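Per-entry structural report
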Protein chains: 2
Amino acid sequence: MSATIRDVCRATGFSTATVSRVLNGSPLVTEKTRKRVHAALEKLGYQPNHAARALKMNRTGMIAVVFPDLDNGFFTQILRGIDEAASEFSVHLLTAFTHGPLDEHELITRMVRERRADALILMNLTLKDDFLQQLKQWELPIVLIDRPVKAGGLPFVGIDNRSGATAMTQHLINQGHRRIAFVSGPDRTFDARERLFAFRKTMRKNGLVMDPELIWRGDFTEDSGVRVMERYLREHQSLPDAIFAGNDAMAAGIHAVLRSAGVRVPEDVALAGFDDTDLARHLNLTTIHVPMKLIGHAAAQHALDLMENRDSVHPQSVPTRLVVRTSCGAHRMSARR
Amino acid sequence: MSATIRDVCRATGFSTATVSRVLNGSPLVTEKTRKRVHAALEKLGYQPNHAARALKMNRTGMIAVVFPDLDNGFFTQILRGIDEAASEFSVHLLTAFTHGPLDEHELITRMVRERRADALILMNLTLKDDFLQQLKQWELPIVLIDRPVKAGGLPFVGIDNRSGATAMTQHLINQGHRRIAFVSGPDRTFDARERLFAFRKTMRKNGLVMDPELIWRGDFTEDSGVRVMERYLREHQSLPDAIFAGNDAMAAGIHAVLRSAGVRVPEDVALAGFDDTDLARHLNLTTIHVPMKLIGHAAAQHALDLMENRDSVHPQSVPTRLVVRTSCGAHRMSARR
DNA sequence: GTGAAAGCGCTAACAC
DNA sequence: GTGTTAGCGCTTTCAC
């Protein structure tokens with residue numbers, strides 16, 4: 001059994017009140033007392049019982065982080081970013097994966113009701129909007145990652161999909177590409193819609209007509225990249241100038257198909273991705289870097305601010321960055337990373 | 001504020017004891033009372049305050065999971081495995097990354113002393129053995145992942161490096177390769193030593209002489225794979241028959257060097273890895289699959305058993321599996337995954 | 001500046 | 001079966 005505050009009292013002869021004051025850095029104690037108490041704390045290896053403290057202060061020093069159980073490679077980095085910011089304030093992380101959409105609602109509700117955490121960070125890829133609205137009722141700071149709630153009101157941290165997709169589209173155009181295909185993600189995802197929107201807008205802005213044949217619908221998986229590319233090759237004679245895949249995974253699938261079809265990248269067709277995963281580095285894929293760790297950091301900062309009732313001024317939208325590699329035919333004008 | 005047990009009392013007219021009995025499924029309550037209490041629980045959305053319960057029962061329903069802050073791609077999967085097993089028992093996860101070796105000791109000590117968790121799962125890549133010995137003093141279940149403590153006594157879950165490396169070595173030999181290079185990881189890591197050991201032993205068993213020139217020292221990073229391969233090419237005229245890299249990352253580095261040197265895989269040299277990361281799939285690399293999720297699952301099971309004072313019979317060593325792709329010249333005798 | 005005592009929300013004797 | 005009550009380890013009035 002760990003030492004309790006009473007053990008410290010016995011060791012020093014002071015009351016629990018005084019020891020507690022020392023623990024919490026109250027100025028109302030003599031230097032001499034403080035010294036003696038500290039010595040005892042040290043000797044006993046005392047640390048305040050977390051449950052007791054949480055019960056009394058109605059504050060757990062925890063942020064709950066809930067992720068969908070997708071095999072999302074970004075997860076680690078986001079969590080690391082959250083941890084980095086939280087640990088600075090000695091706030092710990094309660095992480096949970098939702099196992100199926102049914103249990104997601106239940107899991108979150110329970111955690112809040114049980115007061116296991118002082119704030120909630122949710123990766124809302126799969127959460128329903130009406131449920132999120134309901135969360136707002138609770139007097140608990142909630143920060144969303146990745147997707148804003150339509151009806152608004154809940155703070156969120158995401159990436160600037162539009163500026164990223166715009167930068168890439170413009171880059172491709174600047175490289176001299178005109179007939180550019182865009183591989184979209186599933187329509188129901190926010191990222192997919194935003195990226196497509198920016199692509200369209202940038203094309204229009206540059207006076208380029210959009211060929212509907214060149215908007216391919218994938219689902220952000222590598223397999224879907226394979227599928228759309230195979231289908232296009234089957235049904236068409238000529239290639240577009242460039243293919244802008246909505247994410248790196250699909251770009252990888254496309255890359256594989258092109259290679260086995262004997263199509264060279266970037267000589268025969270330029271290829272671009274989005275996300276800057278490890279994969280992109282290995283394929284030498286020009287892509288948009290998404291600073292996942294920063295997102296986590298920003299989300300945690302936001303949550304911490306809300307916990308302290310500070311007004312939060314942390315960014316809602318984390319900037320992306322164009323990473324030029326060799327897959328678009330650009331002269332190596334940028335470092336590999 | 002969430003509802004408390006007292007709110008439920010007021011709503012039903014029963015005492016806290018009775019409500020508590022219902023909450024904990026005690027048989028000492030009438031069916032009728034149970035019904036009425038349940039109705040009130042439902043209506044109020046009551047969930048027992050976690051801190052109060054933890055304080056009273058001296059049990060948090062939490063497992064603390066501590067990982068070093070390495071960019072370890074396996075992390076997510078291991079954590080997911082842990083979560084899967086733990087959530088089955090409604091046990092939650094307190095995850096923490098250690099920020100530098102200094103704070104590692106402190107972080108773990110504090111968490112234990114504060115009684116934030118009922119058990120501890122540590123990824124002991126960087127932990128010192130004497131610190132781990134010290135942990136044993138505490139009356140808290142601890143499970144290590146990845147590396148056993150030399151002095152023994154602490155339960156751990158890891159992979160069977162030896163059988164994995166043996167299987168791969170034998171596979172290469174069966175393919176007809178005789179001069180096989182092995183790229184080792186850093187000597188201080190357990191995995192590196194084990195894999196090298198099994199490689200040596202299997203070579204010997206097959207009556208093959210080991211050329212010391214063909215034991216290359218990497219450090220498990222992709223860059224180190226690049227380095228050792230470049231150096232070998234610089235200093236030697238001929239290639240070995242096969243290269244068995246101690247992990248996929250180094251294999252990827254080697255692959256890149258070979259490609260730019262115009263050396264074909266597997267025609268000119270066979271290449272094998274270890275871990276079965278996404279990378280391996282993309283390089284069509286023959287490798288050893290390491291079931292990370294299973295490791296997490298086993299570790300959590302172990303911890304849960306210890307928490308319940310059950311004798312744990314869960315495996316210490318999770319089996320690996322040879323994944324044959326095209327990089328070793330084998331006829332495609334196995335599915336891609 | 002320090003101590004006594006109440007109470008956070010819950011569980012578990014112990015009474016009845 | 002149900003209620004009363006003590007107490008888990010801490011913080012925080014309120015006295016002195």
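The structure presented is a predicted model; accordingly, all values stated were derived computationally and were not measured.

**Things to note about helix H1 (residues 5–12) of chain B**
Residue and element names in this part refer to chain B. Residues Val8, Cys9 and Thr12 constitute the buried set of H1. Angular distribution of buried residues about the axis of H1 spans 105°; they occupy a single face of the element. Across from the buried face of H1, at angles greater than 90 degrees, the exposed residues are Arg6 and Arg10. On its buried side, H1 packs onto helix H2 (16–23) and helix H3 (31–44). The opening residue of H1 is Thr4, an N-cap whose side-chain oxygen sits 3.1 Å from the backbone nitrogen of Arg6.

**As for the protein's contact with DNA strand D**
As a matter of local geometry, DNA strand D sits amid 30 residues, with Ile5, Tyr46 and Arg53 of chain A together with Arg21 and Thr30 of chain B nearest to it. A share of 55% is what sugar and phosphate atoms reach among the atoms of DNA strand D within 4 Å of the protein. Measuring from a base oxygen of DNA strand D, one finds a side-chain N or O atom of Arg21 of chain B at 2.4 Å. For the surface near DNA strand D, the elements supplying multiple residues, two or more each, are helix H1 (5–12), helix H2 (16–23) and helix H4 (50–57) of chain A together with H2 and helix H4 (50–57) of chain B. Top contributing element to the surface near DNA strand D by residue count: H2 of chain A, with five residues. Class assignment of the residues belonging to the surface near DNA strand D gives a composition of 13 nonpolar, 11 polar and six charged.

**Some thoughts on unusual backbone geometry**
Pro266 of chain A follows Val265 of chain A through a cis peptide bond whose omega is 10°. For Pro266 of chain A, the position within the fold is in the loop between helix H11 (248–260) and strand S9 (270–272). Phi at Asp275 of chain B is positive, roughly 125°, even though this residue is not glycine. Relative to the helices and strands, Asp275 of chain B is located in the loop between strand S9 (270–272) and helix H12 (278–283). By relative accessible area, which is 9% here, Asp275 of chain B ends up buried. You will see that Asp276 of chain B, though not glycine, has its phi angle at about 60°, which is positive. Inspection of the secondary structure puts Asp276 of chain B in the loop between S9 and H12.

**A word on the confidence of the model for chain A**
Looking at chain A as a whole, its pLDDT mean stands at 90, while 95% of the residues score no less than 70. Here residues 331–337 of chain A is modelled with pLDDT under 50, and outside its nearest four sequence neighbours on either side it reaches 11 contacts, counting other chains as well.

**Some thoughts on the environment of Met210 of chain B**
Residues and elements named next belong to chain B. With respect to the helices and strands, Met210 occurs in the loop between helix H9 (190–205) and strand S7 (215–217). Sequence spacing of Met210 and Ile180 is 30 residues, and the spatial spacing of their C-alpha atoms is 8.3 Å. When residues no more than four places from it in sequence are discounted, the contact partners of Met210 are Phe199, Arg200, Met203 and Ile215.

**What to know about the domain arrangement of chain A**
How large an interface is tends to be reported as the accessible area lost when its parts come together. Residue and element names in this part refer to chain A. Considered domain by domain, chain A is made up of domain 1 (5–48), domain 2 (59–159 + 292–318) and domain 3 (161–290 + 323–336). Of note, the centres of domain 2 and domain 3, computed from C-alpha atoms alone, are 31 Å apart. The interface is formed by seven residues belonging to domain 2 together with eight residues belonging to domain 3. Summing both sides of the interface, domain 2 and domain 3 together bury roughly 670 Å²; the carbon and sulfur share of this comes to 64%. For the domain 2 face of the interface with domain 3, the top three residues by lost area are Phe74, Ile159 and Met292, together amounting to 63%. Summed over the shared surface of domain 2 and domain 3, the result is zero salt bridges. Its residues assigned to classes, the side of domain 2 that touches domain 3 comprises five nonpolar, no polar and two charged.

Quick notes on the rules
Residues numbered from 1 in each chain as written. Chains lettered and ligands numbered in written order. Predicted model: local features only at pLDDT ≥ 70, side-chain atom pairs only at ≥ 80, totals over all residues. Heavy atoms only, no water. Buried < 20%, exposed > 50% of the residue type's maximum accessible area, 1.4 Å probe, protein only. Helix = DSSP H or I, 4+ residues; strand = E, 2+ residues; numbered from the N terminus. Arc of directions from axis to C-beta. Contact = heavy atoms within 4.5 Å. Polar contact = N/O pair within 3.5 Å; in protein donor to acceptor, adjacent residues only side chain to side chain. Near = heavy atom within 4 Å. Nonpolar A, V, L, I, M, F, W, Y, C, P; charged D, E, K, R; others polar. pLDDT = per-residue confidence, 0-100. Domains from an automatic or database assignment. Buried area = accessible area lost by both parts, 1.4 Å probe. Salt bridge = Lys/Arg side-chain N within 4 Å of Asp/Glu carboxyl O.

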